[in-house]
Amino acid sequence: SNQTKNLLASNQFFSSTNNFAKMSDDGWGEEEELKAPKVLETCIVTKDYIPTSNDHLTLILDDLVFVFAKSVPGKPGFWEGETKGVSGIFPSSYVRTQKL
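Residues numbered from 1 in each chain as written. Predicted model: local features only at pLDDT ≥ 70, side-chain atom pairs only at ≥ 80, totals over all residues. Heavy atoms only, no water.

(A) View of the confidence of the model for the protein chain. Per-residue pLDDT for the protein chain has a mean of 80; in total, 65% of the residues score no lower than 70. Contacts for the low-pLDDT stretch residues 15-19, under 50 throughout, to residues beyond four places or in other chains number zero contacts. (pLDDT = per-residue confidence, 0-100. Contact = heavy atoms within 4.5 Å.)

(B) Geometry of the pairing of strand 1 (residues 41-45). The element strand 1 is extensively covered by neighbouring structure, given that five of its five residues are classed as buried. Across four bridges, strand 1 lies against strand 2 (residues 64-69) in antiparallel orientation. The residue bridging Glu 41 from the neighbouring strand is Val 67, located in strand 2. Strand direction decides the pairing type here: strand 1 and strand 5 (residues 95-97), joined by three bridges, are antiparallel. Residue pairing for strand 5: Ile 44 is matched across the bridge by Arg 96. (Buried < 20%, exposed > 50% of the residue type's maximum accessible area, 1.4 Å probe, protein only. Helix = DSSP H or I, 4+ residues; strand = E, 2+ residues; numbered from the N terminus. Pairing = 2+ DSSP bridges.)

(C) Region of interest: a nonpolar patch on the surface. Together, Val 39, Leu 64 and Phe 66 make up an exposed nonpolar region whose accessible area comes to about 220 Å². If you trace the backbone, Phe 66 turns up in strand 2. (Patch = residues over 30% accessible without salt bridge, like charges linked within 9 Å, V, L, I, M, F, W, Y side chains within 5 Å. Areas by Shrake-Rupley, 256 points an atom, 1.4 Å probe, with all protein chains shown as cover. Salt bridge = Lys/Arg side-chain N within 4 Å of Asp/Glu carboxyl O.)

(D) Region of the structure containing the packing of aromatic side chains. In this structure the tally under the stated criterion is two aromatic pairs. Ring centres of Trp 79 and Phe 90 lie 6.3 Å apart, and the angle between their planes is 80°; on these two criteria the pair is classed as edge-to-face. With Trp 79 in strand 3 (residues 78-83) and Phe 90 in strand 4 (residues 86-91), the pair connects residues that are 11 residues apart, well separated along the chain. Note that Lys 47 overlies the ring of Tyr 94, its terminal NZ or CZ placed 4.8 Å from the centroid. For Lys 75, the ring lying beneath its charged end belongs to Phe 78, and the centroid distance is 5.8 Å. (Phe/Tyr/Trp six-rings, centres within 6.5 Å; stacked < 30°, edge-to-face > 60°. Lys NZ or Arg CZ within 6 Å of the ring centre and 35° of its normal.)

Following this line, the structure appears as structure tokens:
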């Protein structure tokens, strides 16, 4: 019956994915975990910033930004941080420090 054929096909697929999962030696060592950057402070966005460059963060009013560095080589007035899971650089004049 068709049902039996479908079941066999899905079982074959399942066993081949199992074999694939065993080949996990892809050169990424488990111990080479990325250290999370230290958050220096949390800021609130005071005005929207829509960047034209990919390495710049988009800032939306009232969003939280976690600051990792308060200086960026060659970019005076820019900080490095993360908002909504995306990290990059942003102009520090568009945020204010969040008082905890």
